[in-house]
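Summary of structural features
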Amino acid sequence: MEARPELRGDEEAVGAALLLYERAHFRHDPRWLLPLPPRLCLACALELLQPTSGVSLVRKKHMLSCFHDALMRHTTLVTQLLAQNEAVCTHLIGILFGLLRSIDDGSVLELSMEVLIQLIVQLKLGPFVHCLLGECQKELCNMPTMRGSLATVTLLGKMVDAIPCLAEILVVEHGNLIEHQLKGLMYPNEAVKAAVCYLYGKLYSSPTVAEKLSGHFREKLCPLFLTTLDNAQTKELQINCMGLLRQLLKYDLFVSVIMSKSGAMGISENAEVLQQENALPLVLKKLLLSRDETLRVASAECMAAVLVHSPVKYAPAFIHADIPEFLFEHLSCTSEALLWAAYRCLLLLTQEHRFFSKCHTVYGIEALVRSLKGILQLRSPELLKQGLLLFREILRRQPEEIQLFTNSATCRDASGLLREAVSSPVLEVVAEAVRAVAAFLRKHHLSSPPVPYGELQALVRALLDRCADLSPPVSQGPLPSSGLLLPGGRSSSRGPGRAVLQQGEILWGALEGFRNACRLAVEFRNEPSARENPFTAPSTEKEDTLETFSEFLLSACDSLCIPTVMRHSEQAMHPALMEIFLSVLNSLFIIVPHMKEKFSKKLASSSFIRLSLELKARFCCGQSHPALNQACSSFLYSLCLNLFAALEETGPPSREGLSVVSSILQHSLLQVNARGSESLALLSDSLYVDEAARQHQYCLLLLLYLAYIHEDRFVPEAELFSAVRSLLLSVQEQGEHPPPAVLRAALYLLTICQDKAEPLEKAPLSAIRKMLEGISDLRLVYSHHPCTLKFFLMYPDLLSRFGHRVLELWLSWEDGGSPEGEDPASAVPARPAALADHEDPLLPILKSGSSVLLILLDLVYSSPMDIARKVLTILRTFLKENEDIEVGSLLRGHFLQILQQLLVESGASPLQVSNLCGKCSLDHVEMLLSSFNFLYWSLHQTTPGSRKRAVAVLLSSTPLLTLLQKTLGLTWMEPAPASALQGPPTKETALLCSGWLLTASLSAQQHLGGLQVHQTLTVELDKVLHALTCRKKKAALFSASILRFLRTALEQNFSSALVMLVSSDPGRLPSPEDSALSPLSLQQVLFLVVSLQNLLVQKDLLLSQAVVGCLEALVNFLQARSPDVARHVAAQPWNRFLLFTLLDAGDNSFLSPEILRLMTLFVRFRSSSILSQDDIGYVLQETAKVTFSELPTATLQALSCFLLQVQSTGSLSNPALSTTIQTLGETLSERSSAPPHHQDLVCLGGVAVSFSHIRD
């Protein structure tokens, strides 16, 4: 029928309702018609959906869709209409439930369920829900099979999902319904199984219901479920099974049951397979290997859900299933969800030792590093944090006996990864990265040679740079200790407070990493392989060394670590942070021993003694913070000993004195925890003091002494003066004798503080005098400072008894200037830098009376020459500046008397000008260098006759040879302490170069002329060889000089009468092969060859000439002594790489004289593996293209020797090449014009060098 015209427009949108509009709508109340589109009459929809309506399924589906649309769009309107009549609601729900039982169309069923559940939820029809559950139970229980139960079970699952409270009602009131679901798991239809698993998953999501169903699961459901999960084929069933499993794995009881049923409990150390075929680890492994990403993620999450209950208990089962291997493989994916799940699962597996003993980490570390590098590009901070946490735990827990990084490339990649992570802008990522760095910087991770010191430097620098970029803290919140940073732990706090806490964590972690880097340097000092770092490319030799790394640590601590920590500590002082910081500083004294004294001075002058004492006083009273107390005490102990050893005033104390200081500090530093005022009160204690308390006082005194020396005056001078005076009186009254170092400290503090206090009374002066009289030498307690001089000269009692000696000590340490005509090199060391700006304090003292003047006049006669000259200079200055002062008769008489005695005793001893060089000492570097240069020049620029006479004269000078022996000995002495910024002392290096060249020249000329030798120079052969590789920052000229000396010795067959090369271990019996090579050993020969190869690749012209010459001499020596060894040296495979490295310098680089000589050597020994016939042919062909007139003489000579050697050995079988050789030889012989002569003798770095001496 047609609709009425006025309603046609609206009814056309209703669709199927038009069929019943004329038949039934006329009897419906208008209130059932929705006023908004879709214009649906709810009563019409109810009649149309009835089974007896006779409407097709298509129209019913359309009506359901429209009803669902209206219910979703106008929920309130529809529910209000339906709620007005409960009978209508009941009837509608009954109709919908009937559709579920009578229709097989999946889309209609799905739509019916959605409408039904929406109505139940919105209308809150509690009684009908119970009725509906009863109907479901009745229908399921009456079914002979589970074939038609799919819709009902699915409805139950969705009802429990929509109304969670139904889960408990189902379990309590409809238990049979739950038991009936077991049949569904056994029914051979995976859609039914999926619906059952979905229902179970919703039931077990409720903790209360899960507890009620625990017995049901343990006794009935568990084995059926595991079988279903193992045999699932469709994705729907697999996903629903995994959903149920994830709910079950939330409870420890179910995890225990599942793992027990899986046969995965109690896995023994040697178990190879799990006991059950459907064991959960194996099932999850199968899903992990599936192609579906969702299943892989779910599998990894379920593994983690099992392990989180007890990693130690359940991890063995997963490890024995080789699951870690596949988890590591999945780290190459790009899915963040899968990566997160894999990271979390692997992180839990790290808590089981078998995860490491089975070497899973060794095989998986490369994949992990590669994965983290990829995540850095994804910009996913949370995922990166999780991965870094896993990386840290692996680094932290990896057993020392199992090497984690089996190749250097992975180790370098890991270092680069951490360096990038540390530089992240996200503080949470940085905090995790710095902790990973701390775990990475451990010996067993980095001990495989070669140690990547360069990479470690870059990593540590990035670590400290990132800390330096942090803004200073504004909170006094506690800094977390390592015990609070649990794996996977996250703080939920946010905002400024969280940022401050993260900064503290970053700084703490960075300091921990820096401490581990310092510990590495300390441990590697005892490892020859790490110290020498073999297998390192020659080009990186200077960078990848322990020495360079150690110096970097010191420099980084000075420029980055110390400023950052101190800036942070100005706002918040944390004991844990300072404990690490001080332990780092203490370790640096061991790491860079040649810089420890300079570093200690800088720390002391930066108030680190005060800082350590303040930390002890603030945090370490009683038994508080014992670790910090130990760190402060150890740091102060090392610092003080270094400062005592570096005292400049009169030199460090004797070994016995240092031992006393060490004992005092060692026994008392832990007990020193008082503030400044309390410390002064302890020093002033005038009651009887026992031995322990006295040692405590001495310890405080030494600390104050060293602090004041370095201008750290953290207690008032007047109070300190009074405290020291009281201490000395107490010591005197108890009849004690303080050690010289303690008395020296007390006297220094008194002299420094004298200007801020009243003069000493008679009692303390008497006590001081008695103590000084008990000292064997006043030098032991003397401190070179103007205040010391003023103190001793202002008190008559001290002046009369000690004035003479004090003035003598003052002048011996004071640079009073050099008289005219005197060599400045003979002057004594200048005043310490702290005193350099002071005016000579003697000048104002001389105005006060004649006593000091008379002592000075006495010193002119009774003291050594240098002190007498200083006295005269001071007196001359004093008289010039004070012309108004009259010199009395006493003063004039003393001058005349001294002058008379000097004239009588001086005599007329002639000057020994000719032996000037021999009379010099090693302190006169410039004079010796000039002398050696002149002698070397004389030997190479004179005629043969004159040269022979000059050599004879030099060999007869025993003082010269003695000095030359001492100069050579400086080569293997430790270099003087110098700042890493200042570099090596160039003048001393130049002197060594000149000494070796002069020795080589003298030895050659003596051997050539058979001249008589009056004194032999002794040189230890192994030290000479070692000097070629181990001298710090050596110049090419230095190596060339030693090589020229070695070449001379080899050419003379070690038979020089002037130079005797000996072994440092003369008691060692040589082996048979060593006997033929004496005094060399086979090991030394090979060591020398390696050193020559390493020096040659530096491509320095002068050094290359020296190396090739020495190599030729070595091979000639070996050919005469042991031809087999000579052939072995010439045929080393490394020689080919070396040769092609040299040829890589550019076009026609083979025309270098040194390379031609090297090729000649290889041809001579028929080393075809080094220089093949094809190589020789190529050289000949390229040589034929060259214009010989443009080549220097040295190149032509070397080329001629090469061609002759090729001809003589018959190295070519190609007749054409033989003809080429003959043609080239003729061309060379016909060339008559010579190139211009170049200067042979030059000055390089202050050293006279003859090119021909080095080259020929």
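As the structure is a computational prediction, the values presented were derived from the model and not from experiment.

Conventions used here
- Residues numbered from 1 in each chain as written.
- Predicted model: local features only at pLDDT ≥ 70, side-chain atom pairs only at ≥ 80, totals over all residues.
- Heavy atoms only, no water.
- Helix = DSSP H or I, 4+ residues; strand = E, 2+ residues; numbered from the N terminus.
- Buried < 20%, exposed > 50% of the residue type's maximum accessible area, 1.4 Å probe, protein only.
- Areas by Shrake-Rupley, 256 points an atom, 1.4 Å probe, with all protein chains shown as cover.
- Core = buried A, V, L, I, M, F, W, Y, C linked by side-chain atoms within 4.5 Å.
- Domains from an automatic or database assignment.
- Contact = heavy atoms within 4.5 Å.
- Phe/Tyr/Trp six-rings, centres within 6.5 Å; stacked < 30°, edge-to-face > 60°.
- Expected span 1.5 Å × (residues − 1).
- Polar contact = N/O pair within 3.5 Å; in protein donor to acceptor, adjacent residues only side chain to side chain.
- Salt bridge = Lys/Arg side-chain N within 4 Å of Asp/Glu carboxyl O.
- Disulfide = S-S within 2.5 Å.
- pLDDT = per-residue confidence, 0-100.
- Axes fitted to C-alpha atoms, helices over the stretch in contact; angles between N-to-C directions.
- Parallel < 35°, antiparallel > 145°, perpendicular 65-115°, else oblique.
- Left-handed = near helix turned anticlockwise from the far one by under 90°.
- Pairing = 2+ DSSP bridges.
- Nonpolar A, V, L, I, M, F, W, Y, C, P; charged D, E, K, R; others polar.

**Some words on the overall build of the protein**
Scanning the protein for helices and strands turns up 64 helices and four strands. Out of the 1256 residues belonging to the protein, those deemed buried represent 52%. Counting every atom, the protein has about 56,700 Å² of accessible surface; 54% of that belongs to carbon and sulfur.

**Observations concerning the nonpolar core**
By size, the foremost hydrophobic cluster in this structure holds 300 residues, and its most contacted members are Phe391, Phe440 and Leu553. Per-element tally for this core: the top contributor is helix α38 (residues 691–709), with 12 residues. Residue contributions to this core reach at least three from each of two domains, namely domain 1 (278–404) and domain 2 (407–470 + 500–531 + 544–591). What phenylalanine 391 contacts, discounting residues up to four positions off in sequence, is Ile365, Leu368, Val369, Leu372, Phe405, Ala414, Leu417 and Leu418. Within the second largest apolar cluster, 105 residues are counted, among which are Leu928, Leu1156, Phe1165 and Val1186.

**Quick word on the side chain of serine 612**
Inspection of the secondary structure assignment puts serine 612 in helix α34 (residues 608–619). Contacts of serine 612, omitting those with residues within four sequence positions, involve Leu582, Cys632, Phe635 and Leu636.

**Looking at the packing of aromatic side chains**
The full count for this structure, using the stated rule, is 23 aromatic pairs. Plain terms: the ring middles of tyrosine 204 and phenylalanine 254 are 5.4 Å apart, the flat faces sit at 85 degrees to each other, and that makes the pair edge-to-face. Within this pair, whereas tyrosine 204 is found in helix α12 (residues 190–204), its partner phenylalanine 254 is found in helix α16 (residues 252–261), the two being separated by 50 residues in sequence. Here tryptophan 996 and phenylalanine 1045 contribute two aromatic rings whose centre-to-centre distance is 4.8 Å and whose plane-to-plane angle is 65 degrees, an arrangement assigned as edge-to-face. Here the residue tryptophan 996 occupies a position in helix α52 (residues 986–1009), and phenylalanine 1045 occupies one in helix α54 (residues 1036–1051), the gap between them amounting to 49 residues. Accessibility classification places tryptophan 996 together with phenylalanine 1045 in one group, the buried group. Here the aromatic cluster, defined as three or more aromatic residues joined through ring pairs, consists of Tyr200, Tyr204, Phe217, Tyr251 and Phe254.

**Quick look at α12**
Over its 15 residues, α12 extends 20 Å from the first C-alpha to the last, a length consistent with the 21 Å expected when each residue adds 1.5 Å. In terms of residue burial, α12 counts as a mostly covered element, since 12 of its 15 residues are buried. One side-chain oxygen of the residue at the start of α12 lies 2.8 Å from the amide nitrogen of alanine 191, identifying that residue as asparagine 189.

**Remarks on the environment of arginine 246**
Within the element layout of this structure, arginine 246 appears in helix α15 (residues 235–248). Relative accessible area serves as the criterion here: at 41%, arginine 246 is assigned to the partly exposed category. As a C-alpha pair, arginine 246 and glycine 201 span 45 residues in sequence and 8.4 Å in three-dimensional space. Ignoring sequence-local partners within four residues, the contact set of arginine 246 consists of Glu301 and Cys302.

**Observations regarding the pattern of salt bridges**
Within this structure, the stated rule accounts for 33 salt bridges. A salt bridge links lysine 235 to aspartate 292, with the shortest nitrogen-to-oxygen separation between them at 2.9 Å. Placement of lysine 235 in helix α15 and of aspartate 292 in the loop between α17 (280–288) and α18 (293–307) is noted, with a sequence separation of 57 residues between them. Its relative accessible area of 42% is what places lysine 235 among the partly exposed residues. Salt bridges linked by common partners bring Arg392, Glu393, Arg396, Arg397, Glu432, Arg435 and Glu505 together as one network.

**Side note on the state of the cysteines**
One pass over the structure, following the stated rule, counts zero disulfides. No disulfide involves cysteine 557; its nearest neighbouring cysteine sulfur is the one of cysteine 561, lying 4.5 Å away. Of the residues examined, cysteine 557 reaches a relative accessible area of 0% and is grouped as buried.

**Focus: the confidence of the model for the protein**
Looking at the protein as a whole, its pLDDT mean stands at 79, while 81% of the residues score no less than 70. Contacts from residues 1–22, a stretch scored under 50 in pLDDT, to residues over four places away or in other chains number 32 contacts. In the model, residues 1232–1236 has pLDDT below 50 throughout and makes two contacts with residues more than four positions away in sequence or in other chains.

**Points about the packing of helix α31 (residues 546–569) against helix α32 (residues 575–591)**
At a minimum axis distance of 11 Å, the contact between α31 and α32 shows a crossing angle of 155 degrees. What the angle tells us is that α31 and α32 run roughly antiparallel. Crossing geometry of α31 relative to α32 is assigned as left-handed. Packed against α31, whose contacting residues are Ser550, Leu553, Leu554, Cys557, Cys561, Ile562, Val565, Met566, His568 and Ser569, the element α32 presents Leu577, Met578, Phe581, Leu585, Leu588 and Ile591 at the interface.

**Structural notes on the pairing of strand β1 (residues 1017–1020)**
Regular strands place their side chains on alternate faces of the sheet. Taking every second residue as pointing to the same face, the buried face of β1 carries Leu1017 and Val1019, while none of Thr1018 and Glu1020 on the other face is buried. The pairing of β1 with strand β2 (residues 1059–1062) spans four bridges and is parallel. Paired with glutamate 1020 across the strands is valine 1062, a residue of β2.

**Here we look at unusual backbone geometry**
Note the cis peptide between serine 1078 and proline 1079, where omega equals 5 degrees. Structurally, the position occupied by proline 1079 is in the loop between α55 (1072–1077) and α56 (1082–1096). Despite not being glycine, aspartate 322 has its phi angle at roughly 60 degrees, a positive value. Its place among the elements puts aspartate 322 in the loop between α19 (311–320) and α20 (323–329). In this structure, serine 607 is a non-glycine residue whose phi angle is positive, near 70 degrees. Turning to its location among the elements, serine 607 is positioned in the loop between α33 (596–605) and α34.

**So, the environment of valine 522**
Mapped onto the elements of the fold, valine 522 is located in helix α29 (residues 496–524). Remark: the alpha-carbon pair of valine 522 and isoleucine 591, spanning 69 residues in sequence, is separated by 5.7 Å. Ignoring any residue separated from it by four or fewer positions in sequence, one finds valine 522 in contact with Ser587, Ile590 and Ile591.

**Remarks on the pairing of strand β4 (residues 1247–1250)**
Burial along β4 is two-sided: the face carrying Val1247 and Val1249 and the face carrying Ala1248 and Ser1250 are both buried. Sheet topology note: the strand β3 (residues 1241–1244)/β4 ladder contains four bridges and is antiparallel. Residue pairing in the sheet places leucine 1244 in a bridge with valine 1247 of β4. Once β3 ends, the chain turns through two residues before running back antiparallel as β4, passing glycine 1245 with a positive phi of about 60 degrees.

**Points about the environment of leucine 177**
Looking at where leucine 177 falls in the secondary structure, it is placed in helix α11 (residues 175–186). Sequence-distant contacts of leucine 177, defined by excluding residues within four places in its chain, comprise Cys136, Gln137, Leu140, Leu156 and Leu170.

**So, the packing of helix α51 (residues 958–969) against α52**
Packing of α51 against α52 leaves a shortest axis separation of 9 Å and a crossing angle of 125 degrees. The orientation of α51 relative to α52 falls into the category oblique. Seen along the crossing, α51 lies across α52 with a hand that is left-handed. Facing α51, whose interface residues are Leu964, Thr967 and Leu968, α52 presents Leu991, Leu992, Gly995, Trp996, Leu998, Thr999 and Leu1002. Class assignment for the residues of the contact of α51 with α52 results in seven nonpolar, three polar and no charged.

**So, the side chain of threonine 152**
Its place among the elements puts threonine 152 in helix α9 (residues 150–162). The class of threonine 152 is buried, set by a relative accessible area of 3%. Every residue in contact with threonine 152, bar those within four places of it in the chain, is listed here: Cys136, Glu139 and Leu140.

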